[in-house]
Amino acid sequence: MRLMPVLRWLNRRAENILAIMMGVMFVAFITQIVFRYFLNFPTGWTSELSVIMWLWMVLWGAAFVIREDEEIRFDLLFWMVPPAARRIMLIVGGAWLIGLYVFSLPAVVDYVTFMKVQSTAYLKIRFDWLFSIYVFFAVAVICRYAYLVWRAIRGGETRDADPTEASSGL
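Described below are features of the structure shown in this document.

Scoring rules and cut-offs
- Residues numbered from 1 in each chain as written.
- Predicted model: local features only at pLDDT ≥ 70, side-chain atom pairs only at ≥ 80, totals over all residues.
- Heavy atoms only, no water.
- Axes fitted to C-alpha atoms, helices over the stretch in contact; angles between N-to-C directions.
- Helix = DSSP H or I, 4+ residues; strand = E, 2+ residues; numbered from the N terminus.
- Parallel < 35°, antiparallel > 145°, perpendicular 65-115°, else oblique.
- Left-handed = near helix turned anticlockwise from the far one by under 90°.
- Nonpolar A, V, L, I, M, F, W, Y, C, P; charged D, E, K, R; others polar.
- Core = buried A, V, L, I, M, F, W, Y, C linked by side-chain atoms within 4.5 Å.
- Buried < 20%, exposed > 50% of the residue type's maximum accessible area, 1.4 Å probe, protein only.
- Contact = heavy atoms within 4.5 Å.
- 1 Å grid on protein atoms, 1.4 Å probe; cavity = no way out; pocket = protein on both sides within 12 Å on 5 of 7 lines; lining within 4 Å.
- Points joined across faces, edges and corners; volume = space filled by probe spheres on them.
- Phe/Tyr/Trp six-rings, centres within 6.5 Å; stacked < 30°, edge-to-face > 60°.
- Lys NZ or Arg CZ within 6 Å of the ring centre and 35° of its normal.
- Patch = residues over 30% accessible without salt bridge, like charges linked within 9 Å, V, L, I, M, F, W, Y side chains within 5 Å.
- Areas by Shrake-Rupley, 256 points an atom, 1.4 Å probe, with all protein chains shown as cover.
- Salt bridge = Lys/Arg side-chain N within 4 Å of Asp/Glu carboxyl O.
- Polar contact = N/O pair within 3.5 Å; in protein donor to acceptor, adjacent residues only side chain to side chain.

**Structural notes on the packing of helix α1 (residues 3-38) against helix α2 (residues 45-65)**
Then comes step 1: Following both chains from N to C, one finds α1 and α2 inclined at 160°, their axes separated by 9 Å at the closest point. Taken together, the axes of α1 and α2 lie roughly antiparallel to each other. For the element pair α1 and α2, the recorded crossing hand is left-handed.
Then comes step 2: A class-by-class count of the residues in the contact of α1 with α2 yields 18 nonpolar, seven polar and one charged.

This is the structure we're talking about:
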């Protein structure tokens with residue numbers, strides 16, 4: 001399939017962007033420590049930049065970097081039922097989640113676009129630009145769960161193998 005190399009390339013670029021955001025947050029954090037404790041000159045922009053990078057890193061990573069098997073879930077009941085029940089649980093839960101995000105998406109877009117009237121205190125970044133990552137995150141969640149539900153309906157694997165049954169390789 002010709003699409004998979006393109007998707008892998010895009011995933012690596014998303015990881016690169018995430019690494020850059022981590023570097024920016026780290027530099028801002030170290031700068032804040034140096035200015036506050038060594039130069040006795042506290043700065044607000046470093047704290048603001050760290051918070052912005054944290055917000056973007058979490059949502060960017062969840063939308064574009066993290067794989068399905070890397071998501072943290074409480075799935076004790078999921079693995080206790082037979083595969084057919086897991087498929088039904090995934091279809092129902094995924095459809096519910098898709099519906100929730102699709103229903104909320106117009107309000108989210110409306111709120112994000114409305115927030116152009118305010119900006120951050122130090123860096124003067126407009127809030128619509130700052131919160132726009134949530135729109136990308138919501139669309140990515142809709143697409144991811146649409147794919148998972150479609151795969152479950154087709155009878156494919158509901159998720160990777162049960163982690164409790166994985167061999168340790170020792």
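So much for the structure itself; the text now carries on.
**Brief notes about the nonpolar core**
Then comes step 1: Met53, Trp60, Tyr101, Phe137, Val141 and Tyr145 are the most contacted members of the largest nonpolar core, which totals 27 residues.
Then comes step 2: Looking at this core, the elements with two or more residues in it are α1, α2, α4 (83-114) and α5 (127-153).
Then comes step 3: Here the element with the most residues in this core is α5; it accounts for eleven residues.
Then comes step 4: Look past the residues within four positions of valine 141 in its chain and what remains in contact with it is Leu97 and Tyr101.

**Looking at the layout of surface pockets**
Summary: where empty space remains is shown by rolling a probe the size of a single water molecule over the atoms.
Then comes step 1: Here the second largest pocket is characterised by a volume of approximately 210 Å³.
Then comes step 2: Looking at the second largest pocket, the residues that line it are Ala62, Ile66, Glu71, Ile72, Arg73, Leu97, Tyr101, Phe137, Val141, Arg144 and Tyr145.
Then comes step 3: Contributions of two or more residues to the lining of the second largest pocket are made by α4 and α5.
Then comes step 4: Counting residues per element, the lining of the second largest pocket draws most heavily on α5, which supplies four residues.
Then comes step 5: Of the residues assigned to the lining of the second largest pocket, the class counts are eight nonpolar, no polar and three charged.

**As for the environment of valine 24**
Then comes step 1: Structurally, valine 24 can be placed in helix α1.
Then comes step 2: Taking C-alpha positions, valine 24 is 8.2 Å from leucine 49, a pair spaced 25 residues apart along the chain.

**Considerations on the packing of aromatic side chains**
Each aromatic ring pair is characterised by the separation of its centres together with the angle its planes make.
Then comes step 1: The tally for this structure, following the rule as stated, stands at seven aromatic pairs.
Then comes step 2: Among the aromatic residues, those joined into a cluster by ring pairs are Tyr101, Tyr134 and Phe137.
Then comes step 3: Between arginine 86 and the ring centre of phenylalanine 78, over which it is positioned, the NZ or CZ distance is 5.9 Å.

**Focus on a nonpolar patch on the surface**
Then comes step 1: Nonpolar side chains collect at one region of the surface, where Phe26, Val27, Phe29, Ile30, Val34, Tyr37, Phe38, Leu39 and Phe41 lie side by side and expose about 990 Å² of accessible area between them.
Then comes step 2: Tracing the backbone shows phenylalanine 38 in helix α1.
Then comes step 3: Its relative accessible area of 66% is what places phenylalanine 38 among the exposed residues.

**Things to note about the side chain of glutamate 48**
Then comes step 1: Here glutamate 48 lies in helix α2.
Then comes step 2: Polar side-chain contacts of glutamate 48 include one of 2.9 Å to the side chain of threonine 120.
Then comes step 3: Apart from residues lying up to four places away in sequence, glutamate 48 is in contact with Thr120, Ala121, Tyr122, Leu123 and Lys124.

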